[in-house]
Amino acid sequence: MNPRLAPLQHFHLLSSLLQDLHHVQFTALETDTGCADFCRQYFFHPMQKEFTSAGLSKLIQLTDSNTVIHAADYFRIHIILFRIEETAVIMGPFCPLLFSQKDALSHIKKL
């Protein structure tokens, strides 16, 4: 790696490799609308209160360069939130568990 690259540039290079290897999405929230766009793209149900634009913005405010936040919603969908310099980065959403059709229907019936 080029040592002259800024940390965020290093991250963009490495995140491509990690996405290819592990099929987990990384999103750098570099603009004010990034959080709302992320929520609009990935979250699908009102029960995901932690992952609304307001909820996610609150989590972002809690992070600094020494903090990693791991959050999971009602459907056991996870995100990991951290900062590189001043930029908030989200790893996910991902589901580390394998759900059967029965598991999914069980969750849906509880709604």
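On a predicted model such as this, the values are computed, not experimentally measured, just so you know.

Draft legend 1. Broad picture of the environment of I84. You can see I84 is positioned in strand β3 (residues 78-84). Between the alpha carbons of I84 and A28 there is a distance of 9.0 Å; along the sequence they are 56 residues apart.

Draft legend 2. Structural detail: the packing of aromatic side chains. Counting across every chain of the model gives five aromatic pairs. Three or more aromatic residues joined by ring pairs make a cluster, and in this case those are F38, Y42, F43 and F51.

Draft legend 3. Seen up close, helix α2 (residues 34-42). Looking only at α2, the buried set comprises G34, C35, F38 and C39. Taken down its axis, α2 places every buried residue within 130° of arc, on the same side. Summarising the geometry of α2, the exposed residues directed more than 90 degrees from the buried face are R40 and Q41.

Draft legend 4. Highlighting the side chain of T87. With respect to the helices and strands, the residue T87 is situated in strand β4 (residues 87-94). Residues contacting T87, with those up to four places away along its chain left out, are L8, A28, L29, E30 and F82.

Draft legend 5. How the structure looks around the pattern of salt bridges. With the rule as written, the count across this model stands at one salt bridge. One salt bridge connects D37 with R40, and the closest N-O pair in it is separated by 2.5 Å. Here D37 pairs with R40, and both are found in helix α2, just three residues apart, close to one helical turn. Judged by relative accessible area, R40 falls into the exposed class, the value being 61%.

Reading the values: rules and limits
Residues numbered from 1 in each chain as written. Predicted model: local features only at pLDDT ≥ 70, side-chain atom pairs only at ≥ 80, totals over all residues. Heavy atoms only, no water. Helix = DSSP H or I, 4+ residues; strand = E, 2+ residues; numbered from the N terminus. Phe/Tyr/Trp six-rings, centres within 6.5 Å; stacked < 30°, edge-to-face > 60°. Buried < 20%, exposed > 50% of the residue type's maximum accessible area, 1.4 Å probe, protein only. Arc of directions from axis to C-beta. Contact = heavy atoms within 4.5 Å. Salt bridge = Lys/Arg side-chain N within 4 Å of Asp/Glu carboxyl O.

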